[in-house]
Amino acid sequence: MHWSEEIAQRLIQKNPDKEEYICAAGVSPSGSVHIGNFRDIATPLFVVKALEKMGKNAKLIISWDEFDRCRKIPANVQAVVGDTFDKYIGCPYVDIPDPFGCHENYARHFEEEFLNAIKPFGIKFECRYQADMYRSGKYTEDLIHALKNRGEIFEILDSFKTKDKTLSEEERAAAHDKEKAEYYPVSIFCPECKTDFTKILSVNEDCTDAEFTCRCGHHGHFDFTKNFNCKLGWKVDWAMRWKYEQVDFEPGGKDHSAPTGSYNNSKVIAKKIYDHEAPIYQGYEFIGIKGVAGKMSSSSGLNMTPELLLKLYQPEIILWLYSKTEPVKAFDFCFDDGILRQYFEFDKMYTEYKSGNASEYNASVMYNCEIEGRSLETVPMSLLVQLGSIVDFNVPMLETVFEKIGTPYKYEQFADRLDRAKFWLEQCAPEQVNKLRKTRNFEVWSQLDEKEKAAIASLYDYLANATYTLDELNQELYAIPKKIYPEVTDQKELKSIQGKFFKTVYKLLIDKEQGPRLYLFLYAIEKERFVGLLDFSFEETDEEKAINNADNEQPIVEEKVYGEPDPVEPIKQELVSIDDFAKLDLRVCKIVKCQEIRKSHSCYKLTLNDGIGERIIVSSIKHDYKPDELVGKKIIVIANLQPTRITGVNSNGMLLAATNNACGCKVIFVDDMVPEGTQIH
């Protein structure tokens, strides 16, 4: 039985007549939501699906903890705003401006980022926005109830604390009494500085009014029946929400699952203070990231969000990794070769599932991975990676390759994986890109002995003159060393010779000792593209020497010569109002393509992603930048400039650049962390 089904059975046994079971997850919009936090959603999601499979009604609630106080500014936000957001520490996330300027506040930015990223998973859920819940007064009665029972809450929380053994019993008792007297289970957000650096001095008898002070110097009274800008402490808040939503199941990370952790604290508070049985709980292990390599270094500031993972993994495979692994066990998302093994294992289990041959457990695993409206084709990811790089991911050529090797996959079948294969290869494993050499490799050839050269000559003769099937080619590759070394009868020694022969062929063709399965590689690629690389029957040509010399030489970078700085122009006399400035729609765009324009000596055609769709602009920066210096960069564009036709191309906008005799034209680039579509204010 799948672990989610075991939990579902426990829920039914605990409350067999409940009309609808509530499974909850809590997510904080403190920054970009990490893929590890997705386990908080995947775990109750699978329990919901198990309950529905058992004929029960169930619902998944995602609670956004946007009313939590800001504790620190994450690195990707600091990269945009510097230290200017430090003043918001202590404020609820929902009251902080969006640092990227594209949403109504900080919390909404990261909430929408995550919700948009998980759309491909097809998850059905309801959201609870805790700022709205608190500020609408829905929790007021429960909050005042907590204030009335603050002494008992303090004793519960204190019972889970580790006692300071350096203090005497008398000292501990005195400290306990002082802390209890000063304890209030609610934080007030100051009406002046908007932070929770406040201290409640006292409350009235019915706990509806509090006297408080703030670090900023503000002093006043707070009416809990009319002013809802306050929040319960986390462990009390959790217990209160279980009762309010009638939650039946909720998971939590291992930090919450310790004997003295949040769940056990809140469990007692729920029972003793709110007379409510805590939901069934499942602790979970955190997720690992394995093999971040190549261009995807940690210093690049990449956030391991669902959006990033979906560039590598199909959504079904992400769900599969969570589903097949028990919550208490860790697993890794792989940026190294491990991802190819994961695709292989998924494909194997998926094929068994679709054919009806999967075990009961595996069938339950795969049931959790199905997404309504999507169907999967298990085109081997390893083949897409290996063969795709050889043909530069050209779709018609890939279709031809698959046809030749007896697996006639069409683009419609591998389209969903093709970009993921390319992204992984180029971003995570650039060293595994397979490119045919331009010339014969005389350096390797000169190091071979006569028999090794004879083996290569035999392979060239066979490939150039014979017609063969895939199986016949595979057999010939193993037979050539046998013919060249007839005296070798020991199978272990022969296998070593065959392996060395294979490595030599790879080095002669792609400058590496290994690559795609050799017989598939040689059969799939048009022989005219590579067979000449194995023909050493004539000397190295002048053309080959020139190409090799050019490849070995360091490129000469033409140094541009600039002059003295232009005179600084005086500030224009006509003043611009803020309303005039607001008419300009300045926004961040990413350069997707940079193309030369026929008959234009100075202009590029730039294809941009402006966060909404595709935009074309024409810019006269050809003398200052090469295309590869622009593609992938983010720039600022005047998006609402009247369209105009330049060199035969409709231009919809203008990029911002600085031009001076001392530096030439310099485009204003934006930090890569800033999302496309972000407005400049």
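Just above sits the structure.
Computed from a predicted model, the values in this text were never measured in an experiment.

Colleague: Go over the overall build of the protein chain with me, naming the residues and quoting the values.
Modeller: In terms of helices and strands, the protein chain carries 25 helices and 22 strands. Projecting the C-alpha coordinates of the protein chain onto the three principal axes gives extents of approximately 100 × 80 × 55 Å. Classification of the 681 residues of the protein chain by burial places 46% in the buried group. Long-range contacts, defined as pairs at least 24 residues apart, comprise 70% of the intrachain contacts of the protein chain with a sequence gap of at least 6. When the accessible surface of the protein chain is summed, it comes to about 35200 Å², and 49% of that surface belongs to carbon and sulfur atoms.

Colleague: Go over the packing of helix α14 (residues 338-355) against helix α15 (residues 360-367) with me, naming the residues and quoting the values.
Modeller: The interhelical angle for the contact between α14 and α15, taken along N-to-C directions, is 105 degrees, at an axis separation of 10 Å. Classified by the angle their axes make, α14 and α15 are roughly perpendicular. In this structure, α14 uses Phe346, Met349, Tyr350 and Tyr353 to contact α15, whose residues at the interface are Asn362, Ala363, Val365, Met366 and Tyr367. When its residues are assigned to classes, the contact of α14 with α15 shows eight nonpolar, one polar and no charged.

Colleague: Talk me through helix α6 (residues 140-148); I want residue IDs and the actual numbers.
Modeller: Turning to α6, its buried residues number three or more, namely Thr140, Asp142, Leu143, Ile144, Ala146 and Leu147. Those residues of α6 that are buried lie in contact with α5 (130-135), α7 (150-159), β4 (186-188), β8 (230-232) and α9 (234-245).

Colleague: Go over the pairing of strand β13 (residues 586-596) with me, naming the residues and quoting the values.
Modeller: Bridging between β13 and strand β16 (residues 634-638) involves five bridges; their strand directions are antiparallel. In the sheet register, Leu586 faces β16, and the bridge partner there is Ile638. For β13 and strand β14 (residues 604-609), the ladder comprises six bridges, and the chain directions are antiparallel. Bridging across to β14, Cys594 finds its partner in Leu606.

Colleague: Residues and numbers for the pairing of strand β7 (residues 219-223), please.
Modeller: The two faces of β7 differ: Gly220 and Phe222 on one face are buried, but His219, His221 and Asp223 on the other face are not. Where strand β6 (residues 209-214) hands over to β7, the hairpin turn is made up of four residues, of which Gly217 adopts a positive phi near 105 degrees.

Colleague: Can you lay out the nonpolar core for me, pointing to particular residues and giving the numbers?
Modeller: Counting 122 residues, the largest nonpolar core has Phe38, Tyr313, Tyr322, Phe333, Phe402, Leu463 and Leu509 as its most contacted members. Leaving out residues up to four positions away in the same chain, Tyr313 has contacts with Ile318, Leu321, Phe333, Cys334, Ile339, Gln342, Tyr343 and Arg420. The next biggest cluster of nonpolar side chains, apart from the first, holds 63 residues, and it includes Phe110, Tyr184, Trp238 and Trp242.

Colleague: Account for the environment of Ile144, with residues named and values stated.
Modeller: Position of Ile144 relative to the elements: it lies in helix α6. Take Ile144: its relative accessible area is 10%, and that puts it in the buried class. C-alpha of Ile144 to C-alpha of Asp209: the two residues are 65 residues apart in sequence and 9.6 Å apart in space. The residues touching Ile144, leaving out its near neighbours within four places in the chain, are Asp206, Cys207, Thr208, Phe224 and Thr225.

Colleague: Break down the sheet that holds strand β5 (residues 198-203) for me, citing the residues and quoting the values.
Modeller: Here we have three strands laid out as an open sheet, ordered β5-β6-β7, and antiparallel in their pairing. Edge positions in the open sheet fall to β5 and β7, since each of these has one partner strand only. Strand-to-strand twist of the sheet, defined as the mean angle between neighbouring strand axes without regard to direction, takes the value 35 degrees. Note: β5 against β6, five bridges, orientation antiparallel. Within β6, the residue paired with Ser202 across the bridge is Glu211.

Definitions and cut-offs
Residues numbered from 1 in each chain as written. Predicted model: local features only at pLDDT ≥ 70, side-chain atom pairs only at ≥ 80, totals over all residues. Heavy atoms only, no water. Helix = DSSP H or I, 4+ residues; strand = E, 2+ residues; numbered from the N terminus. Buried < 20%, exposed > 50% of the residue type's maximum accessible area, 1.4 Å probe, protein only. Contact = heavy atoms within 4.5 Å. Areas by Shrake-Rupley, 256 points an atom, 1.4 Å probe, with all protein chains shown as cover. Axes fitted to C-alpha atoms, helices over the stretch in contact; angles between N-to-C directions. Parallel < 35°, antiparallel > 145°, perpendicular 65-115°, else oblique. Nonpolar A, V, L, I, M, F, W, Y, C, P; charged D, E, K, R; others polar. Pairing = 2+ DSSP bridges. Core = buried A, V, L, I, M, F, W, Y, C linked by side-chain atoms within 4.5 Å.

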